[in-house]
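# Close look at the chain arrangement
Okay, here's what each chain looks like letter by letter:
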Amino acid sequence: MTPGSGLQAGLKNRHLTMIAIGGVIGAGLFVGSSSGIATAGPGILLSYALVGTLVVLVMRMLGEMSAANPTSGSFSAHADRALGGWAGFSIGWLYWFFWVVVLAVESTAGAAILSGWIPAVPQWGWALIVMIVLTATNLVSVGSYGEFEFWFAGIKVVAIAAFIVIGLLAVFGVLPGVHADQASFGNLTGHGGFLPHGPGSILTGVLLVVFSFMGSEIATLAAGESEDPQRAVTKATNSIIWRIAVFYLGSILVVVSLIPWDDKSIAEKGSYVAALDSLGIAHAGEIMNFIVLTSVLSCLNSGLYTASRMAFSLGERGDAPKIFARTTSRGVPRTAITVSVLFGFLAVFFNYKFPDTVFLFLVNSSGAVALFVWLVICFSQLRMRKIIQREAPEKLVVKMWLYPYLTWAAAGLIVFVLGYMLTDTEHDGRETVLLSLLVAAVVLAIAVVKQKLGGGHRTAVTEQGETEKVSVG
């Protein structure tokens, strides 16, 4: 293939819509919600609402910046311009690191389901197959990524919508042919109260659910490869409230209404499987395994796309080897994809060979990156609003509410959550924050050294989406 001239607008509006919707529905919602319910009881709804509100605020800030300047680097490019090259470099590489570790986690989770269905293929074999197939689709064109994600996200959306409708019908006692004796809104208060473990459990629940929201920002990265980036970003930002309200709060409300929060089946089978089983739905476990597998494949597909586009943006700005910014004639950053997936394969290898040492370190050291990203978005928006108002006020088509007060409130809440994690030894919160801070410090040190040795000039992305040489000395 002959070299291309950059990324191409290969994503259609329907792709962007599903990427935006599917981005907030991670496999963590299905798999991780049971531990949150066990910790906070029905009060886990407040934990989800608190984190959901934070994500809405952060996405609004990101939407403001991305609508004014849609770019494949998204928040990393915005941080670069608003805070300085050190910020764009650091948060870009941390985000890339987060997603290549996610590739290993999700491919292993998918392989576990597939090997249960077809045990003739070993688990590591399935992990390899899944990674190769999704790498191939990403290498073909951005349109093929969008098409796969459209169907993966579509299955997730239909599944959760059906779950909510069926669950609510059962709770109201109007589901034909089902006698759900336990189903009642009384389950929200009837087993030790709404907060059986006290108000403090809300914050503990926050620690358990916060990471299942990572991925909301993917739509702003993908918007740079759509036909109408500004419209795509605006639509994704404006719809985030109902997406979180329906898919997270709606589905969890159904779970804790169908069965008591302290029912042993939630911990044994998982919250959604236990809820379906309580309705006597045949093969509930296999149905949910299929939905989880779809979520895993969606997360893998988007993770590979996201990591490669961040690597592309870093290469474009001179924060990674320039070869990362080269594209094929179809607008695919082949080197960025290949390098990202190679690190993903390496992490898969560590998961099978050294699961309790090297891989555990990788997972924990990337665990708090979501909160770091959100914090950088807050500080970037505080500076970027002034830059946009000065240089191109007509581009403020999406505005952060109650600026700057809500921005500072969101930043304060993120810092508070990070601080609270340092007190959490039961769920590895302290270890996660400390290891993530260690990795962040190393990346930041590299950024500072690079800036000192960089000769005083580097490439930055302007508000018009073009690159220019800027002084950093």
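Residues numbered from 1 in each chain as written. Predicted model: local features only at pLDDT ≥ 70, side-chain atom pairs only at ≥ 80, totals over all residues. Heavy atoms only, no water.

As a further point, take the overall build of the chain. For the chain, the helix and strand inventory stands at 19 helices and two strands. Computed over the C-alpha atoms, the radius of gyration of the chain is 22 Å, within 12% of the 23 Å expected from 2.2 N^0.38 for a compact globule of 473 residues. On the principal axes, the C-alpha backbone points of the chain span a range of 70 × 55 × 40 Å. Within the chain, the proportion of its 473 residues that are buried is 58%. Restricting to contacts in the chain with at least 6 residues of sequence separation, those with at least 24 account for 79%. Carbon and sulfur atoms make up 67% of the accessible area of the chain, which amounts to about 18,500 Å² in all. (Helix = DSSP H or I, 4+ residues; strand = E, 2+ residues; numbered from the N terminus. Rg over C-alpha atoms; globule rule 2.2 N^0.38 Å. Buried < 20%, exposed > 50% of the residue type's maximum accessible area, 1.4 Å probe, protein only. Contact = heavy atoms within 4.5 Å. Areas by Shrake-Rupley, 256 points an atom, 1.4 Å probe, with all protein chains shown as cover.)

Let us now look at the side chain of Thr432. Relative to the helices and strands, Thr432 is located in helix α19 (residues 429-453). Residues in contact with Thr432, not counting those within four places in the same chain, are Asn364, Gly367, Ala368 and Met421.

The predicted model of the chain averages 87 in pLDDT, with 94% of residues at 70 or higher. Strand β2 (residues 467-471) is the least confidently modelled element of the chain, averaging 49 in pLDDT, while helix α18 (residues 405-421) averages 95, the highest of any element. (pLDDT = per-residue confidence, 0-100.)

Turning next to the packing of helix α4 (residues 74-82) against helix α5 (residues 85-117). Orientation of α4 relative to α5, taken along the N-to-C sense of each, is 160°, at an axis distance of 6 Å. By the criterion of interaxial angle, the relationship of α4 to α5 is roughly antiparallel. Two packed elements cross with a definite hand, and for α4 against α5 that hand is right-handed. Counted together, Phe75, Ser76, Ala79 and Asp80 of α4 and Gly85, Ala87, Gly88, Ile91, Gly92 and Tyr95 of α5 form the full contact between these two elements. Across the contact of α4 with α5, the residue classes tally to five nonpolar, four polar and one charged. (Axes fitted to C-alpha atoms, helices over the stretch in contact; angles between N-to-C directions. Parallel < 35°, antiparallel > 145°, perpendicular 65-115°, else oblique. Left-handed = near helix turned anticlockwise from the far one by under 90°. Nonpolar A, V, L, I, M, F, W, Y, C, P; charged D, E, K, R; others polar.)

What follows is about the environment of Phe150. Among the structural elements, Phe150 can be located in helix α7 (residues 142-171). A relative accessible area of 17% places Phe150 in the buried class. The spatial distance from the C-alpha of Phe150 to the C-alpha of His15 is 5.4 Å, given a sequence separation of 135 residues.

Before going further, it helps to examine the pattern of salt bridges. Enumeration over the complete set of coordinates arrives at nine salt bridges. Residue Arg317 is joined to Asp80 by a salt bridge in which the shortest nitrogen-to-oxygen separation is 3.4 Å. Here Arg317 is found in the loop between α14 (284-316) and α15 (334-353), whereas its partner Asp80 is found in helix α4, with 237 residues between them in sequence. For the pair shown, Arg317 and Asp80 are each scored as buried. (Salt bridge = Lys/Arg side-chain N within 4 Å of Asp/Glu carboxyl O.)

By the definition in use, this model includes 20 aromatic pairs. Geometrically, the ring pair formed by Tyr145 and Tyr305 is stacked, given 4.2 Å between the ring centres and 0° between the ring planes. Taken as a pair, Tyr145 in helix α7 and Tyr305 in helix α14 lie far apart in primary sequence, 160 residues in all. Assessed through its relative accessible area of 0%, Tyr305 is described here as buried. Ring plane angle 80° and centroid distance 6.4 Å describe the contact between Phe349 and Phe354, whose orientation is recorded as edge-to-face. A residue is classified by how much of its surface remains accessible, and Phe354, at 35% relative accessible area, is partly exposed. (Phe/Tyr/Trp six-rings, centres within 6.5 Å; stacked < 30°, edge-to-face > 60°.)

Quick look at empty space enclosed by the protein now. Scanning the entire structure with this criterion turns up three cavities of 30 Å³ or more. Considered as a void within the structure, the largest cavity measures approximately 40 Å³ in volume. Every residue along the wall of the largest cavity is listed here: Val55, Val58, Met59, Leu62, Ser216, Glu217, Trp374 and Ile377. Elements with a contribution of two residues or more to the lining of the largest cavity: α3 (44-68) and α17 (369-391). (1 Å grid on protein atoms, 1.4 Å probe; cavity = no way out; pocket = protein on both sides within 12 Å on 5 of 7 lines; lining within 4 Å. Points joined across faces, edges and corners; volume = space filled by probe spheres on them.)

We now examine the layout of surface pockets. The calculated volume of the largest pocket comes to roughly 1,100 Å³. If you trace the largest pocket, you find 45 residues lining it, with Gly28, Val105, Glu106, Phe211 and Ser212 closest to the centre. Grouping the amino acids of the lining of the largest pocket by side-chain chemistry returns 23 nonpolar, 17 polar and five charged.

So, on to α18. Here α18 is 17 residues long and its end C-alpha atoms lie 24 Å apart, about the 24 Å a rise of 1.5 Å per residue gives. Those residues of α18 that sit buried are Thr407, Ala410, Ala411, Ile414, Val417, Leu418 and Met421. End-on, the buried residues of α18 take up no more than an arc of 120°, which puts them together on one face. Looking at the buried residues of α18, the elements they touch are α3, α8 (200-209), α17 and α19. (Expected span 1.5 Å × (residues − 1). Arc of directions from axis to C-beta.)

Attention shifts here to the environment of Gln182. Within the secondary structure layout, Gln182 lies in the loop between α7 and α8. Along the sequence, Gln182 and Val255 sit 73 residues apart, while their C-alpha atoms lie 11 Å from each other. If sequence neighbours within four positions are ignored, Gln182 has contacts with Asn187, Ser257, Leu258, Ile259, Pro260 and Asp263.

As a further point, take a nonpolar patch on the surface. A cluster of nonpolar residues, Val165, Leu169, Phe172, Val174 and Phe185, forms a patch on the protein surface that exposes about 450 Å² of accessible area. Accessibility expressed as a relative area gives 34% for Phe185, which makes it partly exposed. (Patch = residues over 30% accessible without salt bridge, like charges linked within 9 Å, V, L, I, M, F, W, Y side chains within 5 Å.)

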